[in-house]
Amino acid sequence: MLECDLKKFKCPQQFVQFKLALRNARSSNKAITFSINNDESADDITRFLSKNAYTYKFDQHLGLLLVEPLHV
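Summarised in this report is the structure supplied together with it. Each chain carries its own residue numbering, running from 1 in the direction its sequence is written. This being a predicted model, a pLDDT of at least 70 is required before a residue's local features are given, and a value of 80 or more before pairs of side-chain atoms are given or counted; all residues contribute to the totals for chains, interfaces and linings. Heavy atoms throughout the structure, all of them, feed into the side-chain values; hydrogens and water do not.

Comments concerning the state of the cysteines
Next, step 1: The criterion for a disulfide is a pair of cysteine sulfur atoms lying within 2.5 Å. Under the defined criterion, the tally for this structure stands at zero disulfides.
Next, step 2: Not engaged in a disulfide, the cysteine C4 finds its nearest cysteine sulfur in C11; these two sulfurs lie 15 Å apart.

This is how it looks when you write it as structure tokens:
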């Protein structure tokens, strides 16, 4: 499983870094866990994941987002 810390980024950099890390995880076909700052909104990230049919779990209190690899 891969990990990516997005806490040091603010929107829109947070979303850009999220997509880059997600692309790397997808190419290696591994799940990835993102750490997100609770002060930053993750709405754009969760909307992107839902729109693209990713399986994910988001614990907003801990600021952790687990994204499973896509299965075709």
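From this point, the discussion proceeds with the structure in view.
Comments concerning the sheet that holds strand β3 (residues 56–59)
Next, step 1: With mixed pairing, four strands are arranged side by side in an open sheet as β1-β2-β4-β3. The two strands at the open ends of the sheet, each matched to only one other strand, are β1 (2–5) and β3. Between one strand axis and the next, the sheet turns through 15° on average, direction left out of account.
Next, step 2: We call two strands paired when DSSP finds no fewer than two bridges between them. Where helices and strands are cited, they refer to DSSP runs of H or I of at least four residues and of E of at least two residues respectively, numbered from the N terminus. The sheet contact formed by β1 and strand β2 (residues 32–35) spans four bridges and is parallel. Within β2, the position partnered with L2 by the bridge is I32.
Next, step 3: Docked against the sheet, helix α1 (residues 13–28) engages β1, β2 and β4 (64–67), running at close to 165° with respect to β2. To define axes, lines are fitted to C-alpha atoms, for helices over the stretch in contact only, and angles between the resulting N-to-C directions are given on a 0 to 180 degree scale. Pairs of residues are marked as contacts when any of their non-hydrogen atoms sit within 4.5 Å.

Regarding the environment of I36
Next, step 1: For I36, the position within the fold is in the loop between β2 and α2 (43–51).
Next, step 2: Put simply, I36 and Q14 are 22 residues apart on the chain and 8.6 Å apart in space, counted from C-alpha to C-alpha.
Next, step 3: Not counting residues up to four positions away in its chain, the partners in contact with I36 are L6, K7, Q14, A42, I45, F58, G63 and L65.

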